[in-house]
Amino acid sequence: MTTATTEHPVDNGVNVEALLSAREALSASPDAAKFKWRASVKWINGTHSRSTVGGFYGLGEEQKHKTTFSFDADHPEIFASEDHGATPVELVLAGLASCLTAGVAAVAQNRNIQLRSVSATLEGGMDVRGILGADSDVRNGFDGIKVTYKIDADASRDDIEALVAQSQKRSAVYDIITNPTNVTVEVE
Amino acid sequence: MRTTAVVIGGGQAGLAMSWWLSKRSIDHVVLERGQIANSWRTERWDSLRLLTPNWQSRLPGYRYQGGDPDGFRTMPETIEFIQGYAKSISAPVRTHTSVTSLRRTDDGYQVVTDSGSWQCDAVVVASGACNMANLPAVAETVPKEINTLTSMQYRNPGQIEDGAVLVVGASASGTQIADELQRAGRAVTLAVGEHVRLPRTYRGKDILWWMDAAGVFDEDYKNVDDIVRARNLPSMQLAGYPDHRMLDLNSLNSIGVRLVGRLAGINQGKFQLSGSLRNVCALADLKMNRLLNAIDEWANENLVSDQVDPPHRFEATKVEASPPLLADITSSGIKTIIWATGFRPDYSWLDIPVRDHKGFIRHDGGVVTDSPGMYLIGMPFLRRRKSTLIDGVGDDARDLSAHLGRWLRGQRRPKHRRLHAVNH
Ligand SMILES: Cc1cc2nc3c(=O)[nH]c(=O)nc-3n(C[C@H](O)[C@H](O)[C@H](O)COP(=O)(O)OP(=O)(O)OC[C@H]3O[C@@H](n4cnc5c(N)ncnc54)[C@H](O)[C@@H]3O)c2cc1C
C-alpha cells in the first residue's frame, strides 16, 4: 500500500527506480549479483591501525570507489592507548547506523514518505572482562545494541515505525550483527 | 490415448479446473497419483482443522450446505468435502496415476504416466504448491543424535520421542504444532522468523470474514506493489480451533512456549539464534495493525456501527528483554526438531524448460507464456490473494479455462490445421 499522494514529489535523494530495476535485473542474472566487499589494514603502532577501502567486485567485474577511504582505529587513553581513532567496536556501531539510516531513506522514498530529518543514537553494552580474558563466561562482543531514532517526516507514527522495521529487515549490517557468519582468518 | 486437455493433480485446483473445462465443453482428464484430495489425506497432522471457516470453501458449483458455517472442518471432513465435490461434478479423474514426464510434441503435449501416456493440446499443472518441505540450509548441519521431521511428517505428540522440542517456523503450521506439543506436556522452543500475525476474531466477526467482505482476498496480482514479495508471504498465523481461540506468539508464550529468534546456525554443539526476534515481531504487529486500520475504514464506509463491535487493538507481541542467541543442544534437552519452514512444489517430472533459477514455473497469472497451451493453478497469489485457498481457486480456474478455450480455438483455425496435416 502506498501512502496518500503529496503535492510535491517526494525526494529523499534516493533513486528508487534504479534500485528496483537493479533488483529485477539481478534476480534474473544471479551471478551479476555476487559482490565481494574488501578492506585492507596496516598496523601503525600499538593499538593504532589504518584500514582502507577502495576496490570491490560486483556486476561481474572489478569496481572502484571514487576515492580510497581510510579509517583510523585505536583505543582510548583509559586503555593505555593513544586514541588516534574510533575503537573498532564503535566502527561497527557506525556501520550499523549508516546501514539502517540508508535503509530508512530508501524505504521512505519507495513508500512516498518525505523525510525532513533523521538521526539516531546507538549504544552497545559490553562487559570488558571478556576481551581482557578476566572471565571466560563473558562474551567479547556486545551484550546488546540499542538504536534510538528521531525521525521527522510526513507520516504517522505507525508508518515511521514501519520504515524503521523494514529498514532492519533489508539491512546488511543488521543481518551481519544478528546472525552468525563464518570467518576464516589465514596467514600468508 | 488422446484428449484435448490434461489436468495434472486431483486436489481442489484440478477439480475446479475440471468443472470449468466441462462447462466450456473441453474434453479432458484429471490425473491424480493417489486418491482425490491426496494432500489432505497424506500430508497433514491428525488434529488439523482448516483455518478457513466452513462457509469459506466456495468451489464452482459447490459450497458448504451444513448447519455450522462458522465452524472449522477436521481433516476427514475436508477429505469428504473435496471427494464429494469430485463426485458431484462427475470429474473425469484417473486416480493412482502418476505423471512421470510432461513434454512438448509437434502438436501439443505428451503426458507420460505410470499407466500409459496421453497426447493433448493443452495441459494444466494443478499438482500443488506444497509437495515438499522447504528446509533451510541449517537443516544439513543438525547433529545425528537429534530427530528431525517436517510439518508434513508430523502426526501427533505421541510420535515424538521424550524430551524438549524445537519447532522452527512460526506460521500456521509451526504455531499450531508448538501449541499442541506444549499442551501435551513437552517443553517447546519456537524459533520465530517473519510471520503474518492475525487475530481470529475482530469486532465480533471472524478475521477472514472481514478480509473476504473488504475485498482483500480478491486483490488482483496485477495491482499489488510487489508481487514477488506477495507470493513469498508466509501463511496466515491462524488456527481453526472449535472454540475460536486466538493463536499467536503471546498465547504460546502464556502456556510456556519459549520464543527465540530464527534458527541461524548450529555450531560447536550450540543452536545459534538470530537477534532479529524483536524486529520480526514488530513487523508482524505493524502489518496486523495496518490491516485492522484498513478494515476499520472499510467498516466505516460499508457497515452500520451496531452490526459490529467497536474497534480495538491487540496487545503487542511480548518479547523477553534479551532472548537467547545461543542454546546449548545438550543442556537444552532438545531431542527433536520439527521444520515448519514452508513448502515447495515438486516438478521432477516436468521436461519443459519453463522454470526459473529457483525452480518455479514462470507464468503470468497462471498462463505459462513460454509454452503456449500450458497453464498453472494453485500457486500463491497466482491471480489473486486467495489463489491457494479452497475458496479462491475457482475464480482462477474460470479465468484460466477461458484463456485455454481461446487458445484452443486459435489453434484450430483452418490455417493451423493445414500446417499440422503437412507435418504428419
Ligand atoms: C498444512 C496446510 C493447511 C492448509 N489449510 C488450509 C485451509 O484451512 N483453508 C484453505 O483454503 N487452504 C488451506 N491450505 C492451502 C491449500 O488449500 C492446500 O494446500 C490445498 O491442498 C491446495 O490444493 P491444490 O489442489 O492446489 O493442491 P493439492 O491439494 O496438493 O493437490 C495436488 C494434487 O496433485 C497430485 N500430484 C502431484 N504430483 C503429481 C504427479 N506427478 N502426478 C499425478 N498427480 C500428482 C497430488 O497427489 C495432489 O493430490 C492449507 C495448506 C497446508 C499445507
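Draft legend 1. Structural context of the pairing of strand β6 (residues 116-120) of chain B. Residues and elements named next belong to chain B. Pairing geometry for strand β5 (residues 108-113) and β6, over five bridges, is antiparallel. The residue of β6 that forms the bridge with Q110 is Q119. From the end of β5 to the start of β6, which pair antiparallel, there are two residues.

Draft legend 2. Region of the structure containing a positive patch on the surface. All names here are of chain B. Together, K23, R24, R406 and R409 make up a positively charged patch on the protein surface. Residue position: R409 is located in helix α10 (residues 393-411). With relative accessibility at 57%, the residue R409 sits in the exposed group.

Draft legend 3. Representation of the packing of helix α1 (residues 12-23) of chain B against α10 of chain B within the structure. Residues and elements named next belong to chain B. At a minimum axis separation of 9 Å, α1 and α10 run at an interaxial angle of 50°. Classified by the angle between their axes, α1 and α10 sit oblique to one another. Handedness of the α1/α10 crossing: right-handed. Where α1 approaches α10, its residues Q12, A13, A16, M17, W20 and L21 are matched on the opposing element by V393, G394, A397, R398, L400, S401 and L404. In terms of residue class, the contact of α1 with α10 is built from nine nonpolar, three polar and one charged.

Draft legend 4. Region of interest: the pattern of salt bridges. Following the criterion strictly, the structure yields 32 salt bridges over all chains and no others. Here R116 of chain A makes a salt bridge to D154 of chain A, at a shortest N to O gap of 2.5 Å. In this pair, R116 of chain A is assigned in strand β4 (residues 115-125) and D154 of chain A in the loop between β5 (144-153) and α3 (157-169), connecting sequence segments 38 residues apart. Judged by relative accessible area, R116 of chain A falls into the partly exposed class, the value being 49%. Overall, D154 of chain A belongs to the partly exposed group, its relative accessible area being 42%. Residues E43 of chain B and R33 of chain B are paired through a salt bridge, measuring 3.9 Å at the closest nitrogen-oxygen approach. A residue pair is termed long-range when its members are at least 10 positions apart, and E43 of chain B in the loop between α2 (38-42) and α3 (75-88) and R33 of chain B in the loop between β2 (28-31) and α2 qualify at 10 residues. Overall, the relative accessible area of 12% leaves E43 of chain B in the buried class. Here the salt bridges share partners, and the residues they tie into one network are D218, R383, R384, K386, D395, D396, R398 and D399 of chain B.

Draft legend 5. The arrangement of the domain arrangement of chain B in detail. Residues and elements named next belong to chain B. Each assigned domain of chain B is listed here: domain 1 (5-131 + 345-411) and domain 2 (133-339). Of note, the centres of domain 1 and domain 2, computed from C-alpha atoms alone, are 28 Å apart. Tallying the contact residues gives 32 residues for domain 1 and 34 residues for domain 2. Of the roughly 2600 Å² buried between domain 1 and domain 2, counting both surfaces, carbon and sulfur atoms make up 55%. Taken as a group, W45, L51 and R385 account for 28% of the area that domain 1 buries against domain 2, more than any other trio of residues on that side. Run the count over domain 1 and domain 2 and you get three salt bridges. Among the salt bridges present, the one from R58 reaches D212, with a minimum N-O distance of 3.1 Å. Between the two partners, domain 1 and domain 2, sit 15 residue pairs in polar contact (both at pLDDT 80 or more).

Draft legend 6. Representation of the site of the ligand in the model. Residue and element names in this part refer to chain B. Close contacts around the ligand come from 28 residues, with E32, R33, S39, L51 and T52 the closest. Measuring from an oxygen atom of the ligand, one finds a backbone N or O atom of T388 at 3.2 Å. Among the secondary structure elements, those contributing two or more residues to the shell around the ligand are α1 and α2. Of all the elements, α2 adds the most residues to the shell around the ligand, at three residues.

Draft legend 7. Inspection of a nonpolar patch on the surface at higher detail. A surface patch of nonpolar side chains, amounting to about 350 Å² of accessible area, comprises F35, W37 and L59 of chain A. Within the element layout of this structure, W37 of chain A appears in the loop between α1 (16-28) and β1 (40-45).

Draft legend 8. Focus on the packing of α3 of chain A against helix α8 (residues 277-302) of chain B. Axis separation between α3 of chain A and α8 of chain B bottoms out at 9 Å; the angle between their running directions is 140°. Classified by the angle between their axes, α3 of chain A and α8 of chain B sit oblique to one another. Crossing of α3 of chain A against α8 of chain B: the hand is left-handed. Mapping the contact onto sequence places D158, E161, A162, A165, Q166, Q168 and K169 of chain A in α3 of chain A and N279, L283, L286, K287, R290 and N293 of chain B in α8 of chain B. Tallied by class, residues from the contact of α3 of chain A with α8 of chain B come to four nonpolar, four polar and five charged.

Draft legend 9. Looking closely at the interface of chain B and chain A. With 19 residues of chain B in contact, the opposing surface of chain A contributes 18 residues. The largest contributions to the chain B side of the interface with chain A come from N279, L286 and R290 of chain B, which together make up 30% of the buried area. Linking chain B with chain A are one salt bridge. Here E194 of chain B ties to K169 of chain A by a salt bridge, and the two come within 3.1 Å at their closest N and O atoms. A per-class count over the side of chain B that touches chain A returns five nonpolar, seven polar and seven charged.

Draft legend 10. Quick peek at the side chain of S276 of chain B. Topologically, S276 of chain B is positioned in the loop between β18 (270-273) and α8. Side-chain polar atoms of S276 of chain B contact the side chain of S274 of chain B, separated by 2.8 Å. If near-sequence neighbours (up to four positions away) are discounted, S276 of chain B is found in contact with Y174 and T178 of chain A.

Draft legend 11. Fine view of the pairing of strand β20 (residues 334-339) of chain B. Residue and element names in this part refer to chain B. Of all six residues making up β20, five are buried, and the element is well covered by its neighbours. Where strand β9 (residues 147-150) meets β20, four bridges bridge the pair, whose relative direction is parallel. Bridging across to β20, L149 finds its partner in I338. Here strand β10 (residues 164-168) runs beside β20; their pairing, made up of five bridges, is parallel. Note that in β20 the partner of A164 across the bridge is I334.

Draft legend 12. Inspection of the side chain of H363 of chain B at higher detail. Residue and element names in this part refer to chain B. With respect to the helices, strands and loops of the structure, H363 is situated in the loop between β21 (343-344) and β22 (374-376). There is a polar contact of 3.4 Å between the side chain of H363 and the backbone nitrogen of G365. A polar contact of 2.8 Å, which involves the side chain of H363, links it to the backbone nitrogen of G366. If we ignore the near neighbours within four places in the chain, the residues touching H363 are R231, V368, L376 and L382.

Draft legend 13. Just the sheet that holds strand β2 (residues 48-58) of chain A, in detail. All names here are of chain A. Spatially, three strands are ordered β1-β2-β3 in an open sheet, and the strand pairing comes out antiparallel. Taken across any chain shown, the strands that pair with only one partner, and hence form the sheet edges, are β1 and β3 (61-73). On average, each strand axis in the sheet is tilted by 10° relative to the strand beside it, whichever way the strands run. Summarising the sheet, β1 and β2 pair through five bridges and their orientation is antiparallel. Across the sheet, N45 pairs through a bridge with H48, a residue of β2.

About the thresholds
Residues numbered from 1 in each chain as written. Chains lettered and ligands numbered in written order. Predicted model: local features only at pLDDT ≥ 70, side-chain atom pairs only at ≥ 80, totals over all residues. Heavy atoms only, no water. Pairing = 2+ DSSP bridges. Helix = DSSP H or I, 4+ residues; strand = E, 2+ residues; numbered from the N terminus. Patch = residues over 30% accessible without salt bridge, like charges linked within 9 Å, V, L, I, M, F, W, Y side chains within 5 Å. Areas by Shrake-Rupley, 256 points an atom, 1.4 Å probe, with all protein chains shown as cover. Salt bridge = Lys/Arg side-chain N within 4 Å of Asp/Glu carboxyl O. Lys, Arg positive; Asp, Glu negative; His and termini not counted. Charge placed at Lys NZ, Arg CZ, Asp CG, Glu CD. Buried < 20%, exposed > 50% of the residue type's maximum accessible area, 1.4 Å probe, protein only. Axes fitted to C-alpha atoms, helices over the stretch in contact; angles between N-to-C directions. Parallel < 35°, antiparallel > 145°, perpendicular 65-115°, else oblique. Left-handed = near helix turned anticlockwise from the far one by under 90°. Contact = heavy atoms within 4.5 Å. Nonpolar A, V, L, I, M, F, W, Y, C, P; charged D, E, K, R; others polar. Domains from an automatic or database assignment. Buried area = accessible area lost by both parts, 1.4 Å probe. Polar contact = N/O pair within 3.5 Å; in protein donor to acceptor, adjacent residues only side chain to side chain. Near = heavy atom within 4 Å.

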